[in-house]
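So the chains spell out like this:
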Amino acid sequence: MNLKLRVWRQTGPSDKGRMVTYDVTDISPDASFLEMLDVLNERLILAGEEPIAFDHDCREGICGMCGMMINGVAHGPARATTTCQLHMRHFQDGETIDVEPWRAAAFPVVKDLVVDRGAFDRIIQGGGYISAPTGAAPDAHATPVPKADADAAFEAATCIGCGACVAACPNGSAMLFTAAKVGHLGLLPQGQPERDTRVVGMLEAHDEAGFGGCTNTGECTTVCPKGIPLTLIGRLNADYRKAVTKR
């Protein structure tokens, strides 16, 4: 495959940045999108040019590091797929592809396609934990968990924190991420002691980080590579109302 890439290049947070065009040739349709960027970077290095900076780690669709906008869509055209698991066969030979970083006030660009997602860490610090008694680990069956609750908690826990929900949201909201982190703990018996302080603390951290408010457009669930459902935001809102009423 021969492709034309228009890639966002930005040397640092204070640089204005610009789109730079590259011709990429002889790419296997079975290559992943990140492998295609690797090929381009190898050619840039051999030519004495600065390679394109982009986040990646596991390349197995688990870690959430590889997020980027591809033709205006978070993670690209394939549903429920991270960028590292997106293959070039989803594109046409000769196609022009625009590649940009996440666009959100709370995700400042570090360099090229790399953004600072430290705001997610601060949301977790706001309440993403449970009380843990010291001593030996309890037996697995010591605290019974209803099957429906366990399934719902696991569904929420599949969030990999990639930030696609924020990038796709017209408001730059991280409500789906926050709802997933609040929900997977709040659904389990072990998460009940901090249930009220958790939802209040994490939402306060969400707002302080500069994320926008949720208006239920649903773009977040459309691009989420793990299919986190919008119903979790409804659960979060219900938990928040109960928590502030108790206060």
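In this text the structure is predicted, and so the values were computed from the model without any measurement.

Draft legend 1. Structural view of the overall build of the protein chain. A count of helical and extended segments in the protein chain gives eight helices and seven strands. Counting only C-alpha atoms, the protein chain reaches 60 × 35 × 35 Å along its principal axes. In the protein chain, which comprises 247 residues, the proportion classed as buried is 46%. Of all intrachain contacts in the protein chain linking residues separated by at least 6 positions in sequence, the fraction that spans at least 24 positions is 68%. Carbon together with sulfur atoms contributes 51% to the accessible area of the protein chain, which is approximately 12,300 Å² in total. The protein chain carries 23 positive and 30 negative side-chain charges, and their two centres are separated by 5 Å.

Draft legend 2. Structural context of the pairing of strand β5 (residues 96–100). Where burial is concerned, the two faces of β5 differ: the one with Ile97 and Val99 is buried and the one with Thr96, Asp98 and Glu100 is not. Examined bridge by bridge, strand β1 (residues 3–9) and β5 share four bridges and lie parallel to one another. The residue of β5 that forms the bridge with lysine 4 is threonine 96. For strand β3 (residues 69–70) and β5, the ladder comprises two bridges, and the chain directions are antiparallel. Note that in β5 the partner of isoleucine 70 across the bridge is valine 99.

Reading guide: rules and limits
- Residues numbered from 1 in each chain as written.
- Predicted model: local features only at pLDDT ≥ 70, side-chain atom pairs only at ≥ 80, totals over all residues.
- Heavy atoms only, no water.
- Helix = DSSP H or I, 4+ residues; strand = E, 2+ residues; numbered from the N terminus.
- Buried < 20%, exposed > 50% of the residue type's maximum accessible area, 1.4 Å probe, protein only.
- Contact = heavy atoms within 4.5 Å.
- Areas by Shrake-Rupley, 256 points an atom, 1.4 Å probe, with all protein chains shown as cover.
- Lys, Arg positive; Asp, Glu negative; His and termini not counted.
- Charge placed at Lys NZ, Arg CZ, Asp CG, Glu CD.
- Pairing = 2+ DSSP bridges.

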